[in-house]
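A look at the structure
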Amino acid sequence: MHLGALFVASHVLTSGSVRETARRFSLAASTVSAAVSNLESELAIKLTKRSSGELVKLIASGKVRDALQPIMHAVEQLYELAGERAETFESWASRIPVKLVTIERFLEVADQGSINRAARRLQLGQPQLSLQIANLEKFVGHQLLERQAQGSTLTENGRRVYGIFSAVSQAWNDLKSAADERYRRAARSLRIGSIIPTGAESWVARCLGAVVADWNAGRSKNAISLISMTADDLREALRSGRIDVAILDSVFELESFGHRELLRTDLVAIAPPASTGLTVADLVAEHPICTPSERTGLGDAATALSRERTVSRRFRNQDIMAADSLPVIVDLVANHGYVSFLGRVSALPIADRVRIVELAEHIPISYHVAFNHRKASADACAMISAAVHKIISEPVAKTAAVA
């Protein structure tokens, strides 16, 4: 990674905007985005995400931004050493072509007192290393090494650059060591993500509990961790490698991953316990509607169903069409007069809190598990399938009878 790219990425983490950074440094937005992506790859951590077209900084970004400050200070010192320049500091700093690996090689030459000895230790050709040092001196604008028969010694400016680059190396190695530890933890763990359960009694929650218990009883070498999020976030997390397995209601955009269907059920309406409507048409005429996002399998089916019945409704302005937390949806229905739609297998366990109303038409809903290439992921997938089959066998039989 280049020192200039680190400078650019640090500014994005401070400003929270790729476009503002691109304008400020007169760079292409794609160049700025690439700098952030490269930093995320180097550190094995997600620092930002896109939400409604805007860049959102994640919690980890603040820690990384602070850890980069010694490097940003070193860049300022390097600019001062470089002397008079036609470019402003920010323009110059954002385009520094010096790679971090070149910095490490310069420090090794200085420590060894010889380009030849350093080349042997680094397993590089001496001409290649000499050229890199020469290019570094050209960029800095000063001779950094005195070449002698017995080796090389630092010039006065070389000693200044050595101090600057030592600070860069130390700060970067501190960041990388944290990333290496995260990688080791990730390699030892299996990360399972799921759609947010409707509650502790839901098939998703019971399935995950059973999988954890069976996984630990089998004394697997891989620790297991669980996380619940929206279907959109699950897809992004699986693609980016932040989770290994995802339980969700659609494999849209996950065709390149292994996946299998966990269960099929059908859509039902859920209404407030005190509601009186006998049909979905009656319910949506008398109550506001809340549904998940259309990018989920459940949301796509529910939104298509409710849209046909939303003309001239007096509660239309109270509708919520992107509530991706099922517990919130259940609470809105049970306690605040809303109507929504769930898969029957998710609605039956909460039948004491909401009123379940049959649809006039059969609308199928499927739930799936998607997983990456790790053997542990495939093992977990098999365990999830077995747990789901055991937990929902009775509700599935009832669904088949209704259909």
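Read on for an overview of the structure. (Residues numbered from 1 in each chain as written. Predicted model: local features only at pLDDT ≥ 70, side-chain atom pairs only at ≥ 80, totals over all residues. Heavy atoms only, no water.)

Notes on the pattern of salt bridges
Close approach of charged atoms lets side chains of opposite charge pair. One pass over the structure, following the stated rule, counts 12 salt bridges. The partner of Glu358 in a salt bridge is Arg344, with the nearest N and O atoms 2.7 Å apart. With Glu358 in the loop between β10 (355-357) and β11 (364-371) and Arg344 in helix α16 (residues 344-347), this residue pair connects regions lying 14 residues apart in the sequence. A salt bridge links Asp379 to Lys375; the nearest nitrogen and oxygen atoms lie 2.9 Å apart. Taken as a pair, Asp379 and Lys375 lie in helix α17 (residues 375-391) at a separation of four residues, close to a single helical turn. (Salt bridge = Lys/Arg side-chain N within 4 Å of Asp/Glu carboxyl O. Helix = DSSP H or I, 4+ residues; strand = E, 2+ residues; numbered from the N terminus.)

With respect to the packing of helix α1 (residues 3-15) against helix α3 (residues 29-43)
Where α1 contacts α3, the axes come no closer than 8 Å and their chain directions differ by 95°. On the basis of the axis angle, α1 is roughly perpendicular to α3. When α1 is examined against α3, the residues Ala5, Leu6, Val8, Ala9, Val12 and Leu13 are found in contact with a partner set consisting of Val32, Ala35, Val36 and Leu39. Across the contact of α1 with α3, the residue classes tally to 10 nonpolar, no polar and no charged. (Axes fitted to C-alpha atoms, helices over the stretch in contact; angles between N-to-C directions. Parallel < 35°, antiparallel > 145°, perpendicular 65-115°, else oblique. Contact = heavy atoms within 4.5 Å. Nonpolar A, V, L, I, M, F, W, Y, C, P; charged D, E, K, R; others polar.)

Some thoughts on empty space enclosed by the protein
The full count for this structure, using the stated rule, is two cavities of 30 Å³ or more. Counted as a void, the largest cavity has a volume near 140 Å³. Lining the largest cavity, in full, are Ile195, Ile196, Met229, Thr230, Ala231, Asp249, Pro292, Thr296, Leu298, Asp324, Leu326 and Tyr367. Residues that form the lining of the largest cavity fall into these classes: eight nonpolar, two polar and two charged. Within this model, the second largest cavity holds a volume of roughly 50 Å³. Classifying every residue of the lining of the second largest cavity by side-chain character gives seven nonpolar, three polar and no charged. (1 Å grid on protein atoms, 1.4 Å probe; cavity = no way out; pocket = protein on both sides within 12 Å on 5 of 7 lines; lining within 4 Å. Points joined across faces, edges and corners; volume = space filled by probe spheres on them.)

Some thoughts on α3
Taking 1.5 Å of rise per residue, 15 residues should cover 21 Å, and α3 covers 21 Å from first to last C-alpha, within 8% of that figure. What α3 keeps buried is the set Val32, Ala35, Val36, Leu39, Glu40 and Leu43. Looking straight down α3, one finds that the buried residues subtend no more than 130° of arc, so they occupy a single side. Away from its buried face by more than 90 degrees, α3 exposes Ser30 and Ser41. Of the residues flanking the end of α3, it is Ala44, one or two places downstream, whose phi is positive at about 55°. (Expected span 1.5 Å × (residues − 1). Buried < 20%, exposed > 50% of the residue type's maximum accessible area, 1.4 Å probe, protein only. Arc of directions from axis to C-beta.)

Structural notes on the nonpolar core
The biggest cluster of nonpolar side chains holds 66 residues, and the ones touching the most others in it are Ile192, Trp203, Ile384 and Val388. Excluding residues that lie within four positions of it along the chain, Trp203 makes contacts with Ile247, Leu262, Leu263, Val345, Ser346, Tyr367, Val388, Ile391 and Ile392. Counting 57 residues, the second largest nonpolar core, distinct from the first, contains Ile45, Leu47, Leu68 and Ala119. (Core = buried A, V, L, I, M, F, W, Y, C linked by side-chain atoms within 4.5 Å.)

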